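Secondary and tertiary structure notes
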Amino acid sequence: MRKICQAIASAMLCLISCTPVDLTSRMSYVIKDSSLEGPEPAEPDIVPVFFIAGLEFGAGYDWRRDPDYGFSDCTMFLESGGARLVGFEVGYESEVSSDADMVRCIGGHVYTDFSTDTETVIKRDGAELFRYPCREMILSLLPTDEGICTLGVPREGSGWTYRCNGVLVGSASAGIPERMLYEDSGKVCFSYIVTDYGFYGSESTYHIVEDGISRQILPPSGYELSDCLRCGGKLYLLLRKEGTGMSFLSCDGLLAAVTVNNTSATANAVSLVSDGESVYVCGAITNRGDGSVTDAVWKGTVLHTVFEEDFCLDFLYPSGDGIFAVGHDCLSPSAIVTYHGGTYSEMDAGYVFSSRGCGAFSHGHYCIAMNPESPGAAPYFIIDGKRSDLEINGWIAGVGYELSESSQDTVLDESGLTEM
């Protein structure tokens with residue numbers, strides 16, 4: 001069965017319409033007059049500035065085998081535009097681990113969590129933010145206006161804990177978090193699944209948590225729930241109609257079929273992803289004639305992208321009407337392939353895409369980081385098609401971005417015409 005991974009996420013989510021923008025060159029008259037200050041400046045473009053977080057080890061240390069079990073002497077760093085912005089030591093005394101699950105690049109910072117014998121410690125760029133009693137494994141971390149929110153699970157026991165700045169906001173003794181922390185309409189949300197095992201099998205229930213308050217999600221009668229999230233203050237459910245296999249998207253109780261626009265094909269929707277404004281459906285299209293299966297993406301319930309048959313979707317990064325996708329060759333799972341703007345690009349052999357956090361996409365710009373499988377090779381990252389190699393003995397833990405304004409140049413020629 002083909003696996004389609006959903007997004008976490010790190011960060012989000014709602015169906016909106018997009019107003020088309022005319023990007024063609026145009027001329028506007030400007031009267032030459034000393035009393036005028038000149039033409040109005042062009043509206044600035046919003047572009048992401050990407051950041052790379054990683055770890056650099058001493059020469060000769062095999063970080064892949066990690067004989068020191070995450071406590072080797074190494075440096076964690078953050079860089080952008082070829083400049084190293086932050087560097088701090090990793091180790092037990094500094095309470096920073098080189099474990100990949102305990103490092104996150106979010107925005108222009110690198111966040112780490114660490115468990116002592118009795119406490120959990122959260123740091124940003126190597127500086128402590130807070131600590132609290134209890135040893136927890138942090139599954140998700142989200143900076144908000146209120147502080148740093150964390151979703152964790154006890155290192156001994158079951159269930160989950162949701163905290164803000166280390167203060168317990170909500171918890172449960174059972175359940176496995178399914179969708180990580182995201183923010184919607186001022187509320188921090190996530191979802192989890194509780195599975196009860198009985199003599200005749202198992203039964204699972206979905207729950208959504210908003211600002212620490214949990215409630216169970218009940219699908220409509222005759223439907224099975226595949227995924228759920230909140231977007232724009234509304235609850236979206238991805239449903240499958242029992243006995244038919246048809247997929248539906250529900251928004252506040254209103255059902256709409258996930259369309260295929262082909263009577264000889266059916267849609268198999270699997271998961272929901274969001275860019276913070278719109279909801280996207282990840283799934284596949286099955287051709288009933290020859291049985292072929294092709295991965296696809298819907299924006300809402302409208303078919304957005306159908307991938308080539310040999311491309312298997314693993315991670316989707318949507319932004320407006322554009323998407324950036326990371327997948328693999330269906331016949332060769334180790335061959336990592338990216339998709340952007342209709343173009344497929346195969347990554348170098350011998351490299352892996354370590355986690356969802358190693359990719360980012362916003363306002364039409366993307367970044368992907370790749371780590372080597374073999375000693376002696378350097379990790380690399382690609383921003384909008386431009387590759388940069390990091391000549392270090394180490395690996396990239398993740399990428400993040402911050403949005404910035406980039407003004408277009410305005411040229412006034414001798415004729416008094418301003419070309420935009």
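Residues numbered from 1 in each chain as written. Predicted model: local features only at pLDDT ≥ 70, side-chain atom pairs only at ≥ 80, totals over all residues. Heavy atoms only, no water.

On the surface, D145, E146, E183 and D211 cluster together into a negatively charged patch. Tracing the chain through its elements places D145 in the loop between β9 (136-144) and β10 (147-154). (Patch = residues over 30% accessible without salt bridge, like charges linked within 9 Å, V, L, I, M, F, W, Y side chains within 5 Å. Areas by Shrake-Rupley, 256 points an atom, 1.4 Å probe, with all protein chains shown as cover. Salt bridge = Lys/Arg side-chain N within 4 Å of Asp/Glu carboxyl O. Lys, Arg positive; Asp, Glu negative; His and termini not counted. Charge placed at Lys NZ, Arg CZ, Asp CG, Glu CD. Helix = DSSP H or I, 4+ residues; strand = E, 2+ residues; numbered from the N terminus.)

Counting residues in hydrophobic clusters, the biggest one holds 30 residues, and the most contacted among them are I217, L229, Y236, L237, L272 and W298. Elements represented by at least two residues in this core include exactly β14 (187-198), β15 (201-210), β17 (223-231), β18 (234-241), β19 (247-251), β21 (265-274), β22 (279-287) and β23 (293-299). Aside from chain neighbours lying at most four places away, what touches L237 is I217, L225, D227, C228, F248, L249 and S250. (Core = buried A, V, L, I, M, F, W, Y, C linked by side-chain atoms within 4.5 Å. Buried < 20%, exposed > 50% of the residue type's maximum accessible area, 1.4 Å probe, protein only. Contact = heavy atoms within 4.5 Å.)

Per the counting criterion, the structure on display carries 15 salt bridges. Put simply, E119 and R131 hold a salt bridge, and the shortest N to O gap is 2.9 Å. Highlighted residues: E119 in strand β7 (residues 119-124) and R131 in strand β8 (residues 127-133), separated in sequence by twelve residues. The shortest N-O distance in the salt bridge between D348 and R387 comes to 2.6 Å. Of this pair, D348 sits in the loop between β28 (343-346) and β29 (351-352) while R387 sits in strand β33 (residues 386-389), and the two are 39 residues apart along the sequence. Salt bridges sharing common partners tie together E95, E119, E128 and R131.

For the rest of this paragraph, the subject is the pairing of strand β2 (residues 45-57). The pairing of β2 with strand β34 (residues 394-406) spans twelve bridges and is classified as antiparallel. Note that in β34 the partner of P48 across the bridge is L403. Of the strand pairs in this sheet, β2 and strand β3 (residues 74-80) are connected by six bridges, and their pairing is antiparallel. Paired with A53 across the two strands is L78, which belongs to β3. (Pairing = 2+ DSSP bridges.)

Right, let's talk about the sheet that holds β8 for a bit. Paired through their backbone hydrogen bonds, the strands of a sheet run either parallel or antiparallel. The sheet built from four strands is open, its strands ordered β5-β6-β7-β8 with antiparallel pairing. Two strands lie at the open edges of the sheet, namely β5 (103-106) and β8, each paired on one side alone. Within the sheet, the average angular offset between the axes of one strand and its neighbour, ignoring direction, is 20°. Strand direction decides the pairing type here: strand β6 (residues 109-115) and β7, joined by five bridges, are antiparallel. Bridge pairing in β7 places S115 opposite T120. (Axes fitted to C-alpha atoms, helices over the stretch in contact; angles between N-to-C directions.)

Before going further, it helps to spend a moment on the state of the cysteines. Applying the stated criterion to the full structure yields one disulfide. The residue that forms a disulfide with C312 is C330, at a sulfur-sulfur distance of 2.3 Å. Disulfide C312 to C330: torsion about the S-S bond roughly 125°, handedness right-handed. Of this pair, C312 sits in strand β25 (residues 311-319) while C330 sits in the loop between β26 (322-329) and β27 (332-340), and the two are 18 residues apart along the sequence. You can see C164 has no disulfide; the closest cysteine sulfur is in C149, sitting 4.1 Å from it. (Disulfide = S-S within 2.5 Å.)

Glancing now at the sheet that holds strand β20 (residues 254-257). Taken together, four strands build an open sheet; the order of strands is β17-β18-β19-β20 and the sheet is antiparallel. Each end of this open sheet is capped by a strand with a single partner; those strands are β17 and β20. When strand polarity is set aside, the average angle formed by the axes of neighbouring strands in this sheet is 25°.

To continue, consider the pairing of β18. Direction of pairing for β17 relative to β18: antiparallel, over a ladder of eight bridges. Directly across from C228, in β18, lies its bridge partner L237. Alignment of β18 against β19, held across five bridges, turns out to be antiparallel. Of the residues in β19, the one forming a bridge with L239 is F248. The hairpin formed by β18 and β19 contains five residues between the paired strands, and G243 there has a positive phi angle of roughly 85°.

Our focus in this paragraph is the environment of P67. If you trace the backbone, P67 turns up in the loop between β2 and β3. Taking relative accessible area as the criterion, P67 reaches 49% and is therefore assigned partly exposed.

Attention now goes to the packing of aromatic side chains. What the rule picks out here adds up to 20 aromatic pairs. Ring-pair connections join several aromatic residues into one group, and the members of that group are F57, Y61, W63 and W395. In this structure, R387 packs its charged tip against the face of Y380, placed 3.7 Å from the ring centre. (Phe/Tyr/Trp six-rings, centres within 6.5 Å; stacked < 30°, edge-to-face > 60°. Lys NZ or Arg CZ within 6 Å of the ring centre and 35° of its normal.)

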